[in-house]
Each structure stands twice: as structure tokens, then as C-alpha cells.
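The chain contents come next:
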Amino acid sequence: MNKSPAWSETLRAIEAAWPVDRYRDVGVVVACSGGADSVALVRGLGERIADSATRLGEPQGVLVVAHFNHRLRGAESEADVSFVRQLANDLGLRFESEAGTGEQEDEQSARDDRRQFLGDVARRHGARYVAMGHSLDDNVETVLHRLLRGTGPAGLTGISPFRSLSHRPEDRDLVVARPLLAVRRQQIRQALHQLGQDWREDRTNTSTRYRRNWVRHELIPRLQTEFPDAVEAIDRAISGQRQWAEAMESRVQSWIESNVISQQPLRIQRLDRSVSAASGDSASATSDQAIVVESLRRCWYQRGWPLQPFGQRQWNSVFQILCGEGPATITLPGAIEVRRDQQAVCFLRRQARSTTLRPT
Ligand SMILES: Nc1ncnc2c1ncn2[C@@H]1O[C@H](COP(=O)(O)OP(=O)(O)OP(=O)(O)O)[C@@H](O)[C@H]1O
């Protein structure tokens, strides 16, 4: 079959990001909203697995298409479910769906509900991966948005190509893969057009009501009038930041090992600004602070504490508290209470949010 150039290019990008041999026989749940990106992902992964099964003469691995119905857009939400179910049927793939409460939630809670559903589907099917359709443009928009709200260096590494589904112990072995992160949104749409493949358009995506959409629909087009390659340039900067983060990894690990006194509750040794916080090398105070902040972020993430309210300013103030500066007792965003004594600083979260799901 003569494939469209945009589609061949997309398949090549998927293969470069995530070679089929890594996932062909371990089970993959593809999270599909019905939007162009995740529809392309369903088709792309389906095609890669089918090709490799034919090449190797072996049965193909399990690919499950999963859709979470947030029930926020009435009949349109129902039409999304039918669309994704039909797509899976047409491709001979399994389909799973669940409906949320239909109540307006903040974006984070909606994402948590969806993640819980995806984890449940993966465990039910014995799948190792959950694949998501974030594109290069999503990554650039996310980073710009974070930059404007206030973020540290780790926030500038963008959306992770591979990471565990969540901090919850039962989710740690499930890996989220995002194989379209190097592909432009426009290319994905062009590829689907050329394949004659439809997708669903979410009307709320085009609204400029939300700041994230303002970045997509107003800010980026404006940047591109002066800097036509702005999106690619920002994407290159994100890749550079990611390399920085990888270089930090071992230093973060050793900082946690030598400074976290106890995990439950989180107790961290007080810092002395005159001594290098890194593991005994000649790092400057600034890079020490970067390691401390990244280590704190890791501690927050492992506990499922909210990271969103923490920009560079908040992390800097936590750093100061660890250094013995400012008040000895303070409450941080996310109801995290901090108490400092002579040796250590103790962090304790007051309440935890519970999520409720309603099966269809
Ligand atoms: N309702 C949903 N059910 C299952 N997966 C979803 C759902 N919404 C989003 N996802 C997953 O999360 C990814 C990113 O979400 P986002 O809200 O940016 O996507 P979208 O714009 O709605 O759709 P797409 O990315 O497919 O074009 C999607 O590509 C998809 O993999």
C-alpha cells in the first residue's frame, strides 16, 4: 500500500521514540480521547505491532484502546465514546470505557480520575504500558504555560516521554509512554487527512477561555509572526533541559540518601549554607540549591503532594527554611505544614483528597 508521506513520517517518528520490540509483547493500553493525536497513536501503534507480528510470524501483542468519558459535554461526550469504540472495532482492537461523575472538577482532579481508570484497565489486561498522544506542540505549550506561571528548571524539561503512571505504589510498574512528542500537531492532522481517518474535535479546545488555550491560540501564533520557527526552537531548548535533568539524576539520589532522615513523616536535615549541599564536591551554592529543589520535588512527587502550586519562588522559600532562615513554623501551598527544630525540618500534609468514580 502506498502510504501518505506525512503518515510514513509519523510512523518513523513513533518507531524512533519507541521501537516496537520494546512493547510488542508486553501489552499496551492506548489512552484515546478521540482527538487527532490519540487517534493517530491508536492507528500508529496498531500498525507497528501488526507489521512486526507479520515480520516475525508471531501472534500480535495485546493493544487495548481506552476512553474515559468525563461526561462534561452532554451528547458530544457520548458521541466521543461511540467514535472511539467504533475506531477500536474497525481495527480489531479491544475497547474499554468508563464514565466519570459528570461533575465539573478542576483539571487536576479530572486527570487523576482518568489516570486511575487507565491504571485499572492496564492491570486488568496485564499491560505494562499506557500510551498517550501528546505532541511536540503540546510539549511546547505546556512549557510556555509553566514558564509564565512560574516554574523551576525541572518544569522546563516539559512532558516526560516515559514515566511511571503515578506515585501510587500500585502504579509504579505501569509506564506512561508518549511516542508522539517529536511530531508536530499539523503533521498528525495532515497524515490522518491523507489516510481518510476522521477524529473528534473538542470544542473546548478552541475556546480561549482557559489560559492554556490562550497560549495555544493567541500567544504562539503571535510569536510565530516574528519567529517563524519559535515552536521548534523552544522544543530544542526543552531537549537541552531534559539532558540537564538526566545529568542531575545521580546527584539528586545521593542528596536524598544523605539528607532525608525519615520518610514518614518527611524529615529533612537542616542545611548549612556555608557547606556544599552536594555530595562533597566543589559545586557552587547555586547548583547546590538546584539539587536541593529537584530533590524536594522528588519527595513531593513520591507522596502525591501537589506540585502545581510550587513555582521557583515557593521552592526558594522552602530552601531558605531548610537553611534555618525565616519562621520556624509555616504552612505551604497544598496544606503542607512545616516545622523546624535544631536538627531538622519536618513536612506534614494535613488532608488528602479522595476521588470517586462511577462505572458505566
Ligand atoms: N477522555 C480521555 N480518555 C482517554 N484518554 C484521554 C482522554 N483525554 C485525553 N486522553 C489522553 O491524554 C492525551 C493528552 O490529552 P489532551 O487533553 O491534551 O488531548 P486532546 O486534545 O483531548 O486529544 P488528542 O491529544 O488525542 O488530540 C491524549 O492524547 C490521550 O492520549
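With an unreviewed UniProt entry as reference, the protein is termed tRNA(Ile)-lysidine synthase, source organism Roseiconus nitratireducens. Per UniProt, the protein has the following entry under Sequence similarities (unreviewed entry): "Belongs to the tRNA(Ile)-lysidine synthase family." On record in UniProt, under Catalytic activity (unreviewed entry), the comment for the protein is "cytidine(34) in tRNA(Ile2) + L-lysine + ATP = lysidine(34) in tRNA(Ile2) + AMP + diphosphate + H(+)".

(A) Inspection of the layout of surface pockets at higher detail. Within this model, the second largest pocket holds a volume of roughly 300 Å³. What lines the second largest pocket is a set of 16 residues, among which P161, L181, A182, S239 and R242 lie closest to the centre. Elements with a minimum of two residues in the lining of the second largest pocket: α1 (5-17) and α9 (230-259). Of the residues forming the lining of the second largest pocket, the biggest block, 6 residues, is contributed by α9. The residue makeup of the lining of the second largest pocket, split by class, is 9 nonpolar, 3 polar and 4 charged.

(B) Structural context of helix α2 (residues 36-56). The end-to-end C-alpha distance of α2 is 30 Å, a good match for the 30 Å that 21 residues give at a rise of 1.5 Å each. Summarising burial for α2: 15 of the 21 residues are buried, a large majority. Just downstream of α2 lies G57, where phi reads positive at about 65°.

(C) Structural view of the site of the ligand. Close contacts around the ligand come from 16 residues, with A31, S33, S38, F68 and G133 the closest. Between the ligand and S38 there is a distance of 2.5 Å, counted from an oxygen atom to a side-chain nitrogen or oxygen. For the ligand, the accessible surface in isolation is 580 Å², of which the surrounding protein chains cover 86%. Contributing elements (two or more residues each) for the shell around the ligand: α2 and β2 (63-69). Its residues assigned to classes, the shell around the ligand comprises 6 nonpolar, 8 polar and 2 charged.

The rules behind each value
Residues numbered from 1 in each chain as written. Predicted model: local features only at pLDDT ≥ 70, side-chain atom pairs only at ≥ 80, totals over all residues. Heavy atoms only, no water. UniProt positions renumbered as here; feature names shortened; annotations may be inferred. 1 Å grid on protein atoms, 1.4 Å probe; cavity = no way out; pocket = protein on both sides within 12 Å on 5 of 7 lines; lining within 4 Å. Points joined across faces, edges and corners; volume = space filled by probe spheres on them. Helix = DSSP H or I, 4+ residues; strand = E, 2+ residues; numbered from the N terminus. Nonpolar A, V, L, I, M, F, W, Y, C, P; charged D, E, K, R; others polar. Expected span 1.5 Å × (residues − 1). Buried < 20%, exposed > 50% of the residue type's maximum accessible area, 1.4 Å probe, protein only. Near = heavy atom within 4 Å. Polar contact = N/O pair within 3.5 Å; in protein donor to acceptor, adjacent residues only side chain to side chain. Areas by Shrake-Rupley, 256 points an atom, 1.4 Å probe, with all protein chains shown as cover.

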